[in-house]
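Chain by chain, the residues:
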Amino acid sequence: MKCPKEDKLLQFVDELLEQEEYEQVQKHIKSCLYCEQQVEVLKNEQAFLAETLKTPTLPDHFADLIVADLEPYKQRPKRKVKWALGAAASLLMATGISMSVSPTFAQFISGIFTSDSVDEGIQIAAKSEISKQLNMEVTDQGITLRLEDMIVDTSRIVVSYVVQDSNGNVLDPYFTSAEDKENKITLLDSAGKNIITDWGWRNADGHGVVEFSLIGIDSVDASTIQFDIAKIAGERGNWYLEAPFDLTKANELQKVVGIDDSYTLNGNKITLDEIRYATSSTEIVYETDLTDEARKALEADVNRKVKQFGTNIVNTFETYGPTIGYYIENEQGEVVSYTNVFAREDRGHMVSYNLLSGTNAPLDKFGSRVWTDSYSPKKGKENLYFVLDTVYETVPADFSVTFSTKDLPYTFDYNGHEMTVESIGNDVNDMFEEAVKEQRLQMKFQLSGYKEWKSNMLGKWAIEDNKGNIYEVHYSGTTYDETDDKGRFKFDNSLYTTVEVKEIPEEITLHLISETRVTELKEQWRVPLFK
Amino acid sequence: MLVLLSEGTRRDTMEDDVVVIKQVLAGNKQAYADIINKYKNPLYATVLRMTKNPQTAQDLLQEAFIKVYEQLKKYDQKGSFKSWLYRVAINHCLDTVRKKNFQTQSEEIQDEQLINTSSPEVVFLKKERSRQLEQLMAQLPEIERLILLLRYANECSYVEISEMLDIPLSDVRNKLHRAKKKLRLNIEGGGYFYEMSKRG
């Protein structure tokens, strides 16, 4: 046998050859030193691949954290609701779903919306009067797009669909994202005008699920969702469907309770506006604001910072003013949901639980915003309470540190943080397409360190070289739940300049532009979410 | 114990998993820790490279293990438990990643385990090559990256990967081969594989 090509040897090492061919190559290798060496190289590559990809690892106590919150399998398993896990918005189901709508009137949907592949709110809504079967389909290029079911609620409209070939096989339902211009899914008003072109998508066991959020949208009543699809399952074609909807029933079923209660702490004012009990979700609407005196002081601080560093550095991607962390509990004091709290002393960062989505928008005055947080629906007739946990204030910071770039790593302390500049180099920031396309070399800092529990959260930074040039930076970071022997939480930050910097200066000053103060309440503010 | 079969597939002894599952379903929730500890690290290595954010990967994995626990009664023992678990866990993570479009919070993955095993020069060289490998991996299409991770980080057979991802076995083989070739042929910046392929 002649020496196999490198491609064949690669297939040999990866065990991709048929038995007969595998044995032929194996026999050849035993008598050919060159091929034996090539195979050795390929096996070393493989070993390196495995070695690299098997790291990093999780801490030893990871399993214990999970098991602690599980109920044993004597009954139908469910998680305890007190201080459970998860920083990402959870799509998992609690059990004990109750139906509050008479089955006489409910249109029963038996598709994906009644499975636990979707969130609890959709499951509840699927058994109510705000759900309907669509059963609309269109076929092109031998591929059928079939809209299955729709849920029309005051907070959101959700549609499920499948994609099938001519033999009925289910294909990948993945649409590209709403930013992609090829596939358009649009909510139209009664005049045919686009209201919402932004939608969320997920794959629920092979069914595609598209969701429009109606939070903050007042003008929708009865209208149409338009699917104008140019690419599915790798094929180009033309799939067009219109699904009409009507919000009348959803509006009838929704119960809105006006709260209008306020609390002030250190110049920060929190006002609970209302709570909306919709079929597929429960929403809390509240505002954060400042007293006039606090607003004046904060504006003055921000303006001082802008004079020093410019508005881009101070204001881009930063929102000054208060935000809150809170939890929702029932009459028995059991926590059913929470947002932006530190939950337990072994969590180094804020977490949320049972939160489906959250939006916010600025109001007229500086530092004031309105927030709408959407949770899994309320269970049955239980009374719920809002309990404020923490007030966070994002303010300009006043801290700078200068060091030599030849003398790294460099360690410094600030406000409960011990930070080390590990390295400074030139790199392409692969978070941004243009940077990658242009191969733009940006100055990159790697910072790491430890922070005390509930210490201020560091915000934006700016970098100044020894010639007085100041650079805006993009930053990303993570605070872990791992602690050191002093009980402080590990964190990592990467800072990238937004412009190209080819030479690293000899001396650098890091300026902290903003930070978020964490204030725990001394007395409880607990508000009933019912009349 | 791994058993190498004639067509290059590998099979874990499933009996261990089935024994533990029975204990869990009988009410011994602590036994579930054995399942988590067995699969957590290879799964984490995989999810981390899909989300590119350690905290997010940890949280998603916690949710996935809880989901597996809650659906444990649905495992019918017809296929391997590993395939079933991975299917539930990977699908959960992929669904969330795609929905949330984790593009803007990528973190450089630190290979901590290479420290303390070699001389400083070798450690530096290995870290640099690992970094290059991670960059190359990040450029691969999602499905090719996932197949590589399942094969090398999770030691899954091609049959298992085909079951987990619900794609034909031939596709798994082709995609793995294609992905490996791409890693080896990234000649622009040089790198470990290029250097190795030009030897001798």
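Residues numbered from 1 in each chain as written. Chains lettered and ligands numbered in written order. Predicted model: local features only at pLDDT ≥ 70, side-chain atom pairs only at ≥ 80, totals over all residues. Heavy atoms only, no water.

What to know about the overall build of chain B
Across its full length, chain B carries 9 helices and 2 strands. When the helices and strands of chain B are placed in sequence order, the string is β-β-α-α-α-α-α-α-α-α-α. Burial analysis of chain B (200 residues in total) assigns 55% to the buried set. When contacts within chain B are restricted to residue pairs at least 6 apart in sequence, those whose partners lie at least 24 apart make up 61%. Here chain B displays about 9,100 Å² of accessible surface, and carbon together with sulfur accounts for 50% of that area. (Helix = DSSP H or I, 4+ residues; strand = E, 2+ residues; numbered from the N terminus. Buried < 20%, exposed > 50% of the residue type's maximum accessible area, 1.4 Å probe, protein only. Contact = heavy atoms within 4.5 Å. Areas by Shrake-Rupley, 256 points an atom, 1.4 Å probe, with all protein chains shown as cover.)

Looking at the confidence of the model for chain A
Put simply, chain A has an average pLDDT of 82, and 89% of its residues get 70 or more. Overall, residues 75-109 of chain A carries pLDDT values under 50, and its contacts beyond four positions in sequence, including any with other chains, amount to 101 contacts. (pLDDT = per-residue confidence, 0-100.)

Brief notes about the sheet that holds strand 12 (residues 282-290) of chain A
All names here are of chain A. Strand order across the open sheet formed by 5 strands is 10-11-12-17-16, with antiparallel pairing between neighbours. One side of each edge strand has no neighbouring strand; the edge strands of this open sheet are strand 10 (255-265) and strand 16 (355-362). Neighbour-to-neighbour, the strand axes of the sheet open up by a mean angle of 15°, direction not taken into account. Sheet topology note: the strand 10/strand 11 (residues 268-277) ladder contains 9 bridges and is antiparallel. Bridging across to strand 11, valine 257 finds its partner in isoleucine 275. (Pairing = 2+ DSSP bridges. Axes fitted to C-alpha atoms, helices over the stretch in contact; angles between N-to-C directions.)

As for the pattern of salt bridges
Residue and element names in this part refer to chain A. Per the counting criterion, the structure on display carries 26 salt bridges over all chains. Ionic pairing is found between arginine 202 and aspartate 119, a salt bridge with its closest N-O pair at 3.6 Å. With arginine 202 in strand 6 (residues 200-204) and aspartate 119 in the loop between helix 4 (62-68) and helix 5 (120-126), the pair connects residues that are 83 residues apart, well separated along the chain. Aspartate 119 carries the same exposure label as arginine 202, and that label is buried. Its salt-bridge partner being aspartate 289, residue arginine 295 comes within 2.9 Å of it at the nearest N-O pair. What you see here is one network of salt bridges that share partners, running through Asp119, Arg156, Arg202 and Glu211. (Salt bridge = Lys/Arg side-chain N within 4 Å of Asp/Glu carboxyl O.)

Quick look at unusual backbone geometry
With glycine set apart, most residues show a phi of negative sign, and most peptide bonds adopt trans. The omega torsion of the bond from leucine 408 of chain A to proline 409 of chain A falls at 0°, within 30 degrees of zero and hence cis. Not every positive phi belongs to a glycine, and glutamate 155 of chain B is a case in point at roughly 55°. Here glutamate 155 of chain B lies in the loop between helix 6 (142-153) and helix 7 (158-165).

Examining the sheet that holds strand 4 (residues 184-188) of chain A
All names here are of chain A. The 4 strands are arranged 5-4-8-9 in an open sheet whose pairing can be described as antiparallel. Either end of the sheet is taken by a strand with one partner, and the two such strands are strand 5 (194-196) and strand 9 (235-246). Neighbour to neighbour, the strand axes of the sheet diverge by 30° on average, direction disregarded. Summarising the sheet, strand 8 (residues 222-232) and strand 9 pair through 10 bridges and their orientation is antiparallel. If you follow lysine 231 over to strand 9, its bridge partner there is arginine 236.

As for the environment of leucine 165 of chain B
Residue and element names in this part refer to chain B. Checked against the element boundaries, leucine 165 lands in helix 7. Residues leucine 165 and asparagine 91, 74 residues apart in the sequence, show an inter-C-alpha distance of 8.4 Å. Leave out the neighbours within four places in its chain, and leucine 165 touches Ile90, Ile143, Leu146, Ile147 and Leu150.

Observations concerning the pairing of strand 8 of chain A
Residue and element names in this part refer to chain A. Bridge count for strand 4 against strand 8 is 5 bridges, and the pairing is antiparallel. When the bridges of strand 8 are listed, leucine 187 appears paired with isoleucine 225. Counted between consecutive antiparallel strands, the loop separating strand 8 from strand 9 contains 2 residues, among which alanine 233 sits at a positive phi close to 50°.

Details of the packing of helix 1 (residues 6-13) of chain A against helix 8 (residues 169-184) of chain B
If you want to describe how two helices pack, look at the angle between their axes and the distance between the axes. Interhelical geometry of helix 1 of chain A versus helix 8 of chain B gives an angle of 120° and a closest axis separation of 11 Å. In terms of axis orientation, helix 1 of chain A runs oblique to helix 8 of chain B. Relative to helix 8 of chain B, helix 1 of chain A is oriented so that their crossing is right-handed. Only His177, Lys180, Lys181 and Arg184 of chain B of helix 8 of chain B make contact with helix 1 of chain A, whose side of the interface consists of Glu6, Asp7, Leu10 and Gln11 of chain A. Across the contact of helix 1 of chain A with helix 8 of chain B, the residue classes break down as 1 nonpolar, 2 polar and 5 charged. (Parallel < 35°, antiparallel > 145°, perpendicular 65-115°, else oblique. Left-handed = near helix turned anticlockwise from the far one by under 90°. Nonpolar A, V, L, I, M, F, W, Y, C, P; charged D, E, K, R; others polar.)

As for helix 2 (residues 32-51) of chain B
Residue and element names in this part refer to chain B. The largest bend in helix 2 comes to about 45°, at lysine 40, with the proline proline 42 one to four residues further on. Where burial is concerned, most of helix 2 is hidden: 16 out of the 20 residues are buried. Two residues or fewer past helix 2, lysine 52 is found with a positive phi of approximately 60°. (Bend = angle between axes of the 7 residues up to and from the residue.)

Some thoughts on the packing of helix 3 (residues 33-53) of chain A against helix 6 of chain B
At a closest axis distance of 9 Å, the pairing of helix 3 of chain A and helix 6 of chain B adopts a crossing angle of 95°. If you check the angle between helix 3 of chain A and helix 6 of chain B, you find them roughly perpendicular. Where helix 3 of chain A approaches helix 6 of chain B, its residues Gln46, Leu49, Ala50 and Leu53 of chain A are matched on the opposing element by Leu148, Leu149, Tyr152 and Ala153 of chain B. Residue composition of the contact of helix 3 of chain A with helix 6 of chain B, by class: 7 nonpolar, 1 polar and no charged.

A word on the packing of aromatic side chains
Residue and element names in this part refer to chain A. All told, the structure shown has 21 aromatic pairs over all chains when counted by the stated rule. Taking the centre distance of 6.4 Å and the plane angle of 80° together, the rings of tyrosine 326 and tyrosine 375 count as edge-to-face. Taken together, the positions of tyrosine 326 in strand 13 (residues 321-330) and tyrosine 375 in strand 17 (residues 369-375) put the pair 49 residues apart, joining distant regions of the chain. Owing to a relative accessible area of 2%, tyrosine 375 belongs among the buried residues under this scheme. Joined through ring pairs, the aromatic side chains of Tyr263, Tyr286, Tyr326, Trp371, Tyr375, Phe386 and Trp525 make up one cluster. Looking at arginine 526, its charged tip hangs above the ring of tyrosine 385, at a distance of 3.8 Å from the centre. (Phe/Tyr/Trp six-rings, centres within 6.5 Å; stacked < 30°, edge-to-face > 60°. Lys NZ or Arg CZ within 6 Å of the ring centre and 35° of its normal.)

With respect to the environment of tryptophan 371 of chain A
All names here are of chain A. Tracing the backbone shows tryptophan 371 in strand 17. For tryptophan 371 and glutamate 283, which are 88 residues apart along the polypeptide, the C-alpha to C-alpha distance reads 9.8 Å. With near-sequence residues (within four places) excluded, tryptophan 371 lies in contact with Ile284, Val285, Tyr286, Glu287, Thr288, Pro322, Thr323, Thr359 and Asn360. Among the polar contacts listed, one links the side chain of tryptophan 371 to the side chain of threonine 288, at a separation of 2.9 Å. (Polar contact = N/O pair within 3.5 Å; in protein donor to acceptor, adjacent residues only side chain to side chain.)

Some thoughts on the pairing of strand 13 of chain A
Residues and elements named next belong to chain A. The element strand 13 is largely enclosed, with a buried count of 9 among its 10 residues. Summarising the sheet, strand 13 and strand 18 (residues 384-404) pair through 10 bridges and their orientation is antiparallel. Pairing of proline 322 across the sheet is with glutamate 393, part of strand 18. Bridge analysis of strand 13 against strand 14 (residues 335-341) gives 4 bridges, and the strand direction is antiparallel.

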